[in-house]
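Commentary on secondary and tertiary structure
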Amino acid sequence: MSAATNAVGYNFAYLDEATKRMIRRALLKAVAVPGHQVPFGSREMPLPYGWGTGGIQVTAAVIGAEDTLKVIDQGADDTTNAVSIRRFFARVAPGLRTTERTAEATVIQTRHRIPETPLREGQIMVYQVPQPEPLFKLEPRRTETRRLHALGDYGLMQVKLYEDIARHGRVGSSYDHPVMVGGRYLMSPSPIPAFDNPKMHMSPALQLFGAGRECRLYAVPPYTEVRSLDFEDHPFVPLRADAACTLCGARDSYLDEVVTDDRGGRIFVCSDTDFCGARQAMKEAAE
Amino acid sequence: MTDDPILSARGLSLNFGAVRALDDVSLDLWPGEVLAIVGESGSGKSTLLRVLAGEVRPEAGQVLYRDPAGAARDVHAMGEPARRRLARTEWGFVHQDARDGLRMAVSAGGNVGERLMAVGARHYGAIREEAASWLERVEIPRARIDDAPRLFSGGMRQRLQIARTLVTRPRLVFMDEPTGGLDVSVQARLLDMIRALVADLGIAVILVTHDIAAARLLAHRLVVMRHGRAVEEGLTDRVLDDPRHPYTQLLVSSVLAA
């Protein structure tokens, strides 16, 4: 990333200090009440809603010049969304280092995935959230969902899981599967695959969630219990394509299906490009 | 029946602007008893039901509910979490329009199972079995357990709503015109079913209706409402066969004999 492209006339990390303070205040509250949605004054950002305005504001509020930022989109570091957000911060936050390596990053902004490499203490995960309300498909009134959260009345969510089993024979959604945080609040894990849900449980990293259009923040502090909802006789099962990665051979990572031709040809590859690349490099070095 | 009423209201008053919706209404309901509140439209009977169920706060007066342990609890002073817990365990509410009481996009099994799950049931097989047996009790074929209520007829929806309400075996059920808007033949079957279930489970019911015939069939006792006042109260047969208040006489004489 060339330093010559630094944007001039902007505060560090784009947002003004008053806005960052407002977001940090909301984040502190979110960390204090794990899984609870905290309203915040979401700002207009130089990218459209749905592209990560919430995540980008959270990242801007927590990042410092000594941080190392990694941005992933569907697990990949090299997709348009990931590249532009990384370049954006490189331009507006002088001194900030960016990386594609999970292990080197201190702040990881993500859309739809949690990296395969286990997170460690001191790292911050920032999730882009399109819809923070886990109950929104079941109860359209915000006033009512707020009341349900306040009363811990989550029978409704269980009804949805019941419907899933009745219709599809198994619990759950393949992504955005609802979780209980700290045994108290029902939370949307953002549209990560259900495969990644167990990684949130007792994670050593701080996990922050930003929903820009919906003006909500929430958080899971390090070492917090995160349980995926299920039934006793239909336990939650993290789903994964039953194949090995064509590039690195991994059998324990989350896979993307890639169509290779118009005659039914397809391969499976790791969705986490950093994880896959590191494994390929290791394999080459061993040969 | 025991000596203590399960629900007792004293001096309930409520005004909507200049309209007196409730004017110093008192009543008692004993366990296992079916009490009908009759009166014409606008007489305040639905408002009374909502005040008794804790959904609307009266301007004056008190509603006391006696819980299984025998303690009297003030319905309007207990706070929302406690009242909601009550509403999904020991109480039930059957609405006139089944769409208010059901989730129309959720399958019949899910609708019946919701109250079970709300009180902590987490075993899918057990919930489904309980839902299926309740569907059979209200004469809905087991095979329709995965159909959504919007595919059901009006009478089936109402029966489904009753199954959904009774699945947690409440002690007290509020019914707001449960037979309203149904064909007479469907009404008759529904009334028959409600009577059998209520007698079977020993539930106390407060039934709001403008249908005197339904009241005679179901209720042990009757309260006649007019302009927000309870003008007459007594055993159903006594009130209907020997009405004392002029308004009750008018009401009873207005019923068409088939």
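Analysis parameters
Residues numbered from 1 in each chain as written. Chains lettered and ligands numbered in written order. Predicted model: local features only at pLDDT ≥ 70, side-chain atom pairs only at ≥ 80, totals over all residues. Helix = DSSP H or I, 4+ residues; strand = E, 2+ residues; numbered from the N terminus. Rg over C-alpha atoms; globule rule 2.2 N^0.38 Å. Buried ≥ 20, exposed ≤ 12 C-beta atoms within 10 Å, placed from the backbone. Contact = placed C-beta atoms within 7 Å. Domains from an automatic or database assignment. Nonpolar A, V, L, I, M, F, W, Y, C, P; charged D, E, K, R; others polar. Pairing = 2+ DSSP bridges. Axes fitted to C-alpha atoms, helices over the stretch in contact; angles between N-to-C directions. Left-handed = near helix turned anticlockwise from the far one by under 90°. Core = buried A, V, L, I, M, F, W, Y, C linked by C-beta atoms within 7 Å. Expected span 1.5 Å × (residues − 1). Parallel < 35°, antiparallel > 145°, perpendicular 65-115°, else oblique.

1. Digging into the overall build of chain B
- Check the secondary structure of chain B and you find ten helices and ten strands.
- Taken against the 2.2 N^0.38 rule, which gives 18 Å for 258 residues, the C-alpha radius of gyration of chain B at 18 Å falls within 12% of a compact globule.
- Projected onto the principal axes, the alpha-carbon positions of chain B cover approximately 55 × 45 × 40 Å.
- For chain B, with 258 residues in total, the buried portion stands at 46%.
- Partitioning the contacts of chain B with sequence separation of at least 6, the portion at a separation of at least 24 is 65%.

2. Some words on the overall build of chain A
- Per the secondary structure count, chain A includes seven helices and twelve strands.
- A compact globule built from 287 residues would reach a C-alpha radius of gyration of about 19 Å, and chain A, at 19 Å, matches this within 12%.
- Overall size of chain A, expressed as C-alpha extent along the three principal axes, is 60 × 55 × 35 Å.
- With 287 residues in all, chain A has 44% of them scored as buried.

3. A look at the domain arrangement of chain B
Residues and elements named next belong to chain B.
- In terms of domain boundaries, chain B breaks down into domain 1 (1-90 + 171-258) and domain 2 (95-169).
- Taking only C-alpha atoms into account, the centre of domain 1 sits 24 Å from that of domain 2.
- In this complex, domain 1 contributes 15 residues to the contact, which on the side of domain 2 involves 16 residues.
- Counting residues per element, the ones that place at least two in the side of domain 1 that touches domain 2 are β7 (172-176) and α7 (184-201).
- No other element matches the six residues that α7 contributes to the side of domain 1 that touches domain 2.
- Each residue belonging to the side of domain 1 that touches domain 2 can be placed in one class, and the counts come to nine nonpolar, three polar and three charged.

4. Re the sheet that holds strand β2 (residues 68-73) of chain A
Residue and element names in this part refer to chain A.
- Strand order in this open sheet of seven strands is β1-β9-β8-β5-β4-β2-β3, and the pairing throughout is mixed. Looking at which strands have only one partner, the edges of the open sheet turn out to be β1 (38-39) and β3 (97-98).
- Relative to strand β9 (residues 216-220), β1 is paired through two bridges, and the arrangement is antiparallel. Across the sheet, the residue bridging to Pro-39 is Arg-216, located in β9.
- Against the sheet, helix α1 (residues 17-32) touches β1, β8 (206-211) and β9, its axis set at about 45° to β9.
- Strands in contact with helix α2 (residues 53-62) are β4 (107-111), β5 (124-128), β8 and β9; relative to β5, the strand with the most contacts, it is inclined by about 155°.

5. Observations concerning the packing of helix α4 (residues 108-118) of chain B against helix α5 (residues 124-137) of chain B
Residue and element names in this part refer to chain B.
- In the contact formed by α4 and α5, the axes pass within 9 Å of each other and the chain directions differ by 120°. Seen from above, α4 lies across α5 with right-handed handedness. For the pair α4 and α5, the contacting residues are Ala-108, Gly-109, Val-112, Gly-113, Leu-116 and Met-117 in the first and Ile-127, Arg-128, Glu-130, Ala-131, Trp-134 and Leu-135 in the second.
- Of the residues belonging to the contact of α4 with α5, the class tally is eight nonpolar, two polar and two charged.

6. Details of the nonpolar core
- Counting residues in each nonpolar core, the largest one holds 140 residues, and the members touching the most others are Ala-36, Leu-52, Leu-135 and Leu-207 of chain B.
- Discounting residues that sit within four places of it in the chain, Leu-207 of chain B has contacts with Val-34, Leu-35, Ala-36, Met-175, Leu-218 and Ala-219 of chain B.

7. Remarks on the interface of chain A and chain B
- With 13 residues of chain A at the contact, the number on the chain B side is 16 residues.
- Tallying contributions element by element places helix α5 (residues 155-168) of chain A first for the side of chain A that touches chain B, with seven residues.
- Considering only residue class, the side of chain A that touches chain B consists of six nonpolar, three polar and four charged.

8. Considerations on α7 of chain B
Residues and elements named next belong to chain B.
- The end-to-end C-alpha separation of α7 is 25 Å, in line with the 26 Å expected for 18 residues at 1.5 Å each.
- Close packing links the buried residues of α7 with β3 (34-38), α6 (154-166), β8 (204-209) and α8 (212-218).
- Trailing α7 by a residue or two, Gly-202 shows a phi angle of about 65°, which is positive.

9. Side note on the environment of Gly-210 of chain A
All names here are of chain A.
- Looking at the element boundaries, Gly-210 is found in strand β8.
- Expressed as a C-alpha distance, the spacing of Gly-210 and Asn-81, which sit 129 residues apart in the sequence, is 16 Å.
- What Gly-210 contacts, discounting residues up to four positions off in sequence, is Gly-54, Gly-55, Gln-57, Val-58, Val-126, Gln-128, Val-129 and Leu-217.

10. Comments concerning the sheet that holds strand β10 (residues 226-228) of chain A
Residue and element names in this part refer to chain A.
- Strand order in the open sheet made by the three strands is β7-β6-β10, with antiparallel pairing throughout. Edge strands, defined here as strands with exactly one partner in the open sheet, are β7 (185-187) and β10. Along the sheet, successive strands turn relative to each other by an average axial angle of 30°, direction set aside.

11. Some thoughts on the environment of Asp-237 of chain B
All names here are of chain B.
- Looking at the secondary structure, you find Asp-237 in helix α9 (residues 236-241).
- Owing to 12 C-beta atoms within 10 Å, Asp-237 belongs among the exposed residues under this scheme.
- Each C-alpha atom of the pair Asp-237 and Gly-180 lies 22 Å from the other, and the pair is 57 residues apart in sequence.

12. What to know about the domain arrangement of chain A
Residue and element names in this part refer to chain A.
- Taken domain by domain, chain A holds domain 1 (3-228) and domain 2 (240-287).
- A straight line from the C-alpha centre of domain 1 to that of domain 2 covers 26 Å.
- Across the contact, 15 residues belong to domain 1 and eight residues belong to domain 2.
- Looking at the side of domain 1 that touches domain 2, its residues break down into four nonpolar, four polar and seven charged.

13. A look at the pairing of β3 of chain B
Residues and elements named next belong to chain B.
- Among the five residues in β3, five count as buried, and that is most of the element.
- Burial along β3 is two-sided: Val-34, Ala-36 and Val-38 facing one way and Leu-35 and Ile-37 facing the other are all buried.
- Direction of pairing for β3 relative to β8: parallel, over a ladder of five bridges. Bridge pairing in β8 links Ile-37 to Val-208.

14. So, the packing of α1 of chain A against α2 of chain A
All names here are of chain A.
- The geometry of α1 relative to α2 is characterised by a closest axis approach of 9 Å and an angle of 100° between their N-to-C directions. Between α1 and α2, the angle is such that the two are roughly perpendicular. In contact with Lys-20, Ile-23, Arg-24 and Leu-27 of α1, α2 contributes Gln-57, Val-58, Ala-60 and Ala-61.
- Residues of the contact of α1 with α2, tallied by class, amount to five nonpolar, one polar and two charged.

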